[in-house]
Amino acid sequence: MRLVTTVACMVAFAAAILASLGYASTVRDFKGPVTGGGRIAFSAERQQGRFFSVGLFSVTRVPVTCDEGDTKYSHARTETAVHIKHRKFHYDFARGTAVAKITGKFNRKFSKAKGEFRVAH
C-alpha cells in the first residue's frame, strides 16, 4: 500500500511539473522601470505561437505631477485582460478619482514593450 501511495504521489508531482511547464510556455511576464522612478509589470498570453492578450497590470510608485502636488501612483495587480492588435495595446483603470491609462507597443519579436503611462483626475 505504501508503494502505491508513493507512486501515486510521484505521478501527481510529475503532472504538476508538466502543467507548470505548459503554463510557462503560454504566458510571458514583462516588467520594467518607468522614467523618473517606479515600475510597471504585466503579462502577455500566447496561443498557437501568437500573442493575443495582455493583462495582470500592476503599477508601483510611479511619480505623478498634478495641480494638488507631486505624488506617487500605485495600483494593485488587475485581473482584466485586453487584446493586442498590430502589436499595440491600451488599458484604462481607475483608483478613487484618478483614471490611469497605459498604452504600449511590442517589438517585432514580442520580447520587449515600450509605452506611456498617464493619470488624470
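Residues numbered from 1 in each chain as written. Predicted model: local features only at pLDDT ≥ 70, side-chain atom pairs only at ≥ 80, totals over all residues. Heavy atoms only, no water.

Draft legend 1. Inspection of the overall build of the chain at higher detail. Secondary structure assignment for the chain yields one helix and eight strands. Ordered by position in the sequence, the α and β elements of the chain form the string α-β-β-β-β-β-β-β-β. In the chain, which comprises 121 residues, the proportion classed as buried is 26%. Within the chain, contacts between residues separated by at least 24 positions form 29% of all contacts whose residues are at least 6 apart in sequence. When the accessible surface of the chain is summed, it comes to about 8900 Å², and 57% of that surface belongs to carbon and sulfur atoms. (Helix = DSSP H or I, 4+ residues; strand = E, 2+ residues; numbered from the N terminus. Buried < 20%, exposed > 50% of the residue type's maximum accessible area, 1.4 Å probe, protein only. Contact = heavy atoms within 4.5 Å. Areas by Shrake-Rupley, 256 points an atom, 1.4 Å probe, with all protein chains shown as cover.)

Draft legend 2. The sheet that holds strand β7 (residues 98–106), seen in detail. A sheet is described by the order of its strands in space; here three strands give the open sequence β6-β7-β8, paired in antiparallel fashion. On the outer flanks of this sheet lie β6 (88–95) and β8 (113–120), each paired with one strand and no other. Ignoring which end each strand starts from, the neighbouring axes of this sheet average 15° apart. (Pairing = 2+ DSSP bridges. Axes fitted to C-alpha atoms, helices over the stretch in contact; angles between N-to-C directions.)

Draft legend 3. Seen up close, the environment of R50. Turning to its location among the elements, R50 is positioned in strand β3 (residues 50–64). For the pair R50 and F110, spaced 60 residues apart in sequence, the C-alpha separation works out to 9.4 Å.

Draft legend 4. View of the nonpolar core. Ranked by internal contacts, the top residues of the largest apolar core, which has 22 residues, are V54, F106 and F117. Mapped by element, the contributors of at least two residues to this core are β2 (39–47), β3, β6 and β7. Top contributing element to this core by residue count: β3, with six residues. Among all residues touching F117, those that are not within four sequence positions of it are I40, V59, V62, Y73, F93, A100, K101 and I102. (Core = buried A, V, L, I, M, F, W, Y, C linked by side-chain atoms within 4.5 Å.)

Draft legend 5. Here's a closer look at the packing of aromatic side chains. Counted by the stated rule, this structure contains twelve aromatic pairs. Measuring from centroid to centroid gives 5.3 Å for F30 and F42, while their planes differ by 15°, and the two rings are stacked. Linking F30 in strand β1 (residues 27–33) with F42 in strand β2, this pair joins segments that are twelve residues apart in sequence. Overall, the relative accessible area of 9% leaves F42 in the buried class. Consider the rings of F42 and F106, whose centres lie 6.1 Å apart with planes at 70°: the pair is edge-to-face. Highlighted residues: F42 in strand β2 and F106 in strand β7, separated in sequence by 64 residues. F106 carries the same exposure label as F42, and that label is buried. In textbook terms, an aromatic cluster arises when at least three aromatic residues are bridged by ring pairs, as seen for F30, F42, F51, F57, F89, Y91, F93, F106 and F110. (Phe/Tyr/Trp six-rings, centres within 6.5 Å; stacked < 30°, edge-to-face > 60°.)

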